[in-house]
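Single-letter residue listing:
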Amino acid sequence: MPYDASRRSLLTAAAMAAVTAAGVASYAVGGGPGQPHGGPRPDDARPGDRPPGPAPDRAALRRLVAGMSLAEKVGQLFVSRAYGHSATDPDPADAEENLKLFGVRTAAELVARYHLGGIIYFSWAHNTRDPQQIAELSAALQRTAAGSGSGVPLMLSTDQEHGAVARIGKPATLLPGAMALGARHGATAGGPAANAASAAAGAGPAGTGSTAGNAAGGDAAGPDAAGKGGADSAGIAEARRAARIAGAELAAMGIRQDYAPVADVNVNPANPVIGVRSFGSDPQAVAALVAAQVRGYQGAGVAATAKHFPGHGDTETDSHVGLPVMRHSRAQWEELDEPPFRAAVAAGVDAVMTAHIVFPALDPSGDPATLSGPIVTGILRERLGFRGVVVTDALDMAGVRQKYGDDRVPVLALKAGCDQLLNPPDLGLAHRSVIAAVEAGELTQERIEESVLRILELKARRGLFDAAHTVAGQVGALVGIPAHLSAADEIAAGTTTLLANPVKLLPLDPATAPKVLVTGTDPASPSGTTGPPTVVLARELTALGCRATAVPPARAVAAAAGNAAVLVCTYNVPEGDGPQRTLVTELLATGVPVVVVAIRNPYDPARLPGCAAELATYTWTDVEMRAAARVVTGAVRPTGRLPVPVPGRYPLGHGLAYD
């Protein structure tokens with residue numbers, strides 16, 4: 001029968017009131033794999049955690065689902081992009097892009113047409129100009145959802161990993177990324193997993209770094225959180241603190257799902273897509289940090305999403321542009337890739353994102369994991385006991401589109417056990433294809449409702465049925481506030497890793513006002529709001545007492561004479577000769593001491609001639625450049641430890657201190 005406004009109003013008023021009331025305890029307290037899934041459990045609580053609230057009333061949610069049309073149910077499964085900074089009044093170019101892709105001009109029309117379950121924000125879709133605008137966009141989209149279809153609120157999401165992937169920039173707080181936090185945590189000493197990870201990268205025995213700070217107490221992170229050698233509790237606490245700050249700011253902007261943390265264990269230096277987005281190469285250390293960030297995000301009221309299951313850390317193909325093949329055996333997967341996801345599930349993670357990778361040891365069919373029943377249902381659901389929302393990685397990525405057409409991919413993802421279908425390339429085709437699969441009997445109504453119920457439970461758990469869940473006035477009180485910015489600098493201070501200092505060039509003594517040249521690579525800021533890194537580094541060095549000047553590489557050799565040191569920012573130096581290696585070689589020939597600052601992957605020093613000093617920052621955002629400057633001048637002592645081995649140069653856990 002046609003869906004009329006009066007039926008929607010009654011459903012919204014009655015069912016949603018029941019959803020937000022104290023309901024049945026459908027998520028019992030328990031521990032370990034297989035426990036009923038939910039938010040932070042009482043035994044996981046930390047001081048300051050936001051209570052998870054009453055358990056969702058599943059009976060009320062079932063009534064809500066039962067009142068939906070098939071089109072509305074299917075719409076709840078999709079999370080789509082939409083162009084524009086405004087829900088109803090985008091810039092003309094964004095309106096035209098929406099019209100070309102979706103047949104509507106505005107994000108509000110898109111939500112109403114497809115009864116969408118969610119919208120994902122991207123900077124390149126012009127959704128994220130500034131925090132206040134984001135909050136207003138979120139509020140307007142939620143008003144649209146409340147006034148159309150079944151009235152179910154949207155799950156608004158983004159990829160705010162921090163570090164190398166950040167969709168929202170200044171004036172929001174930008175925090176150190178995963179590998180920088182891994183350096184802050186310090187390598188876990190000993191244990192077969194750590195040794196296997198180090199050996200896989202060809203760097204000799206693992207666990208040779210400092211284990212200082214491996215004290216008892218602090219944040220325990222579940223049964224898989226710490227390796228056999230213990231865990232740096234301070235580093236875990238800082239990872240959780242970073243996620244709590246990030247989550248609080250996202251929630252203030254109306255974003256209640258973050259596609260973070262990355263749970264991949266990066267054991268392949270040639271990995272083109274993960275790298276510094278991973279906490280490191282030691283599975284137990286990664287597990288500890290993933291669990292800590294899950295608790296941080298969800299303690300702030302934002303759904304965390306562990307990704308990319310079953311593990312994307314040892315691939316040499318970017319799944320955005322191709323279909324990677326993971327060559328680990330089942331035993332290697334259990335030792336290297338599984339622990340962080342198991343720890344995330346034990347920590348009560350709300351969502352897990354699948355990877356568009358082929359993993360023959362887990363499923364020999366050749367299907368990517370996103371479309372694999374043996375992986376999504378057999379391993380994630382049954383082996384790990386995950387009961388939350390499974391979200392696909394973006395369905396417009398090449399890795400999931402090579403074997404099947406865009407009409408089949410969403411259907412096969414649902415058959416495999418996924419719930420949320422993220423960013424299909426053709427939303428209309430995907431929506432129609434799922435409906436057609438139900439009408440043809442390939443998918444049952446019960447299967448669709450199973451996923452819709454999980455999605456609605458997540459929305460209820462994260463407070464989206466509360467009318468006050470998006471308040472634009474919260475932005476000024478929470479986003480980019482001095483306390484958060486100061487915390488970001490405090491966390492970053494322990495991340496910079498001093499890799500080499502053979503002639504004791506560092507720290508430079510600012511009391512002598514040394515003249516310093518800064519040059520090298522200036523990659524674009526992840527959020528488009530920071531940098532360029534050489535300028536930020538030079539500015540901070542000057543503020544600390546140096547006379548620092550940033551110059552482009554073409555002028556660096558001529559300008560080197562007379563400087564106490566030349567700092568060269570390098571970015572993913574390739575094997576063999578290239579412009580970055582040539583620049584360092586030519587600067588060394590001037591006789592001026594050269595300091596290499598690896599501002600992304602820390603593998604650069606192994607591909608360059610030895611220099612007077614070598615540092616790794618793991619990210620090129622302002623907060624990490626400021627931290628590096630403080631280390632260079634001795635304003636803070638270097639304490640970071642390599643969370644990955646640098647093949648042929650440094651083992652896992654390596655890091656120097658000043659005498």
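Residues numbered from 1 in each chain as written. Predicted model: local features only at pLDDT ≥ 70, side-chain atom pairs only at ≥ 80, totals over all residues. Heavy atoms only, no water.

A. Representation of the environment of Ala252. Its place among the elements puts Ala252 in helix 9 (residues 233-252). Look at Ala252 and you get buried, because its relative accessible area is 1%. Each C-alpha atom of the pair Ala252 and Ala135 lies 7.1 Å from the other, and the pair is 117 residues apart in sequence. (Helix = DSSP H or I, 4+ residues; strand = E, 2+ residues; numbered from the N terminus. Buried < 20%, exposed > 50% of the residue type's maximum accessible area, 1.4 Å probe, protein only.)

B. Region of interest: unusual backbone geometry. Looking along the chain, the bond that leaves Ala260 and enters Pro261 is cis, with omega of 10°. In this structure, Pro507 follows Leu506 across a cis peptide bond, with omega equal to 5°. With respect to the secondary-structure elements, Pro507 resides in the loop between strand 11 (497-500) and strand 12 (515-520). You will see that Asn423, though not glycine, has its phi angle at about 50°, which is positive. Among the structural elements, Asn423 can be located in the loop between strand 10 (421-422) and helix 14 (427-439). The exposure class assigned to Asn423 is buried, which follows from its relative accessible area of 1%. Residues other than glycine seldom take positive phi values, yet Ala513 does so here, at roughly 50°. Along the polypeptide, Ala513 turns up in the loop between strand 11 and strand 12. Judged by its relative accessible area of 27%, Ala513 is partly exposed.

C. Inspection of the pattern of salt bridges at higher detail. Using the criterion set out here, one finds 31 salt bridges in the structure. For the salt bridge of Arg381 with Asp419, the shortest nitrogen-to-oxygen distance reads 2.7 Å. Taken together, the residues span a long stretch of sequence, with Arg381 in helix 12 (residues 373-383) and Asp419 in the loop between helix 13 (409-416) and strand 10 at a distance of 38 residues. Each member of the pair, Arg381 together with Asp419, is buried. Salt bridges here are not isolated pairs; linked through shared partners, they connect Asp159, Glu161, Arg167, Arg277 and Lys307. (Salt bridge = Lys/Arg side-chain N within 4 Å of Asp/Glu carboxyl O.)

D. Just the sheet that holds strand 14 (residues 565-570), in detail. Strand order in the open sheet formed by 6 strands is 11-16-15-14-12-13, and the pairing between neighbours is mixed. Strands with a single pairing partner mark the edges of an open sheet, and in this sheet they are strand 11 and strand 13 (547-550). Strand-to-strand twist in this sheet, taken as the mean axis angle between neighbours without regard to direction, amounts to 25°. One ladder, built from 5 bridges, connects strand 12 with strand 14; its direction is parallel. The partner of Val516 across the bridge, within strand 14, is Ala565. (Pairing = 2+ DSSP bridges. Axes fitted to C-alpha atoms, helices over the stretch in contact; angles between N-to-C directions.)

E. Quick look at the packing of aromatic side chains. According to the stated counting rule, one finds 5 aromatic pairs in the structure shown. On the basis of an interplanar angle of 20° and a centroid distance of 4.3 Å, the ring pair of Phe122 and Trp124 is categorised as stacked. Given a relative accessible area of 6%, Phe122 falls into the buried group. Judged by its relative accessible area of 40%, Trp124 is partly exposed. On the numbers, 5.1 Å between centres and 90° between planes, the contact of Phe309 with Phe341 is edge-to-face. Separated by 32 residues along the polypeptide, Phe309 in strand 7 (residues 305-309) and Phe341 in helix 11 (residues 330-346) bring together distant segments of the chain. This pair shows no difference in class: Phe309 is buried, exactly as Phe341 is. Among the aromatic residues, those joined into a ring-pair cluster are Tyr83, Phe122 and Trp124. (Phe/Tyr/Trp six-rings, centres within 6.5 Å; stacked < 30°, edge-to-face > 60°.)

F. Fine view of the nonpolar core. Grouped together as the largest cluster of nonpolar side chains are 123 residues, with contacts concentrated most on Leu141 and Val434. In this structure, Ala613, Ala616, Ala629 and Leu642 belong to the second largest nonpolar core, which totals 44 residues. (Core = buried A, V, L, I, M, F, W, Y, C linked by side-chain atoms within 4.5 Å.)

G. Just the environment of Arg641, in detail. Within the fold, Arg641 resides in the segment after helix 21 (622-632). In this structure, the C-alpha to C-alpha distance between Arg641 and Gly182, residues 459 residues apart in sequence, is 8.0 Å.

H. Up close: the pairing of strand 15 (residues 594-598). Across the 5 residues that make up strand 15, a large majority, 5, are buried. Burial along strand 15 is two-sided: the residues Val594, Val596 and Ala598 and Val595 and Val597 are all buried. Taken together, strand 14, helix 20 (residues 579-589) and strand 15 constitute a β-α-β crossover, and its handedness is right-handed. Both strand 15 and strand 16 (residues 613-616) contribute to a ladder of 4 bridges, which runs parallel. Each bridged residue has a counterpart across the sheet, and for Val595 the counterpart in strand 16 is Ala613. (Right-handed = clockwise from strand over helix to strand, strands pointing away.)

I. Structural view of the packing of helix 7 (residues 178-185) against helix 10 (residues 283-299). The interhelical angle for the contact between helix 7 and helix 10, taken along N-to-C directions, is 115°, at an axis separation of 11 Å. Relative to helix 10, the element helix 7 is oriented roughly perpendicular. Judged by the twist between their axes, the crossing of helix 7 over helix 10 is right-handed. Touching Leu181, Gly182 and His185 of helix 7 are Ala285, Leu289 and Gln293, all from helix 10. (Parallel < 35°, antiparallel > 145°, perpendicular 65-115°, else oblique. Left-handed = near helix turned anticlockwise from the far one by under 90°. Contact = heavy atoms within 4.5 Å.)

J. Representation of the confidence of the model for the protein in the model. Within the protein, residue pLDDT values average 86, and 84% of them lie at 70 or more. Every residue in residues 1-53 is under pLDDT 50, and counting partners more than four places away or in other chains gives 116 contacts. This stretch, residues 187-232, has a pLDDT under 50; its non-local contacts, to residues over four places away or in other chains, come to 103 contacts. (pLDDT = per-residue confidence, 0-100.)

K. Expanded view of helix 18 (residues 533-543). Turning to helix 18, its buried residues number three or more, namely Pro533, Thr534, Val536, Leu537, Ala538, Glu540 and Leu541. Where the residues of helix 18 are buried, they touch strand 12, strand 13, strand 14 and helix 21. At the C-terminal side of helix 18, Gly545 shows a positive phi close to 120°.

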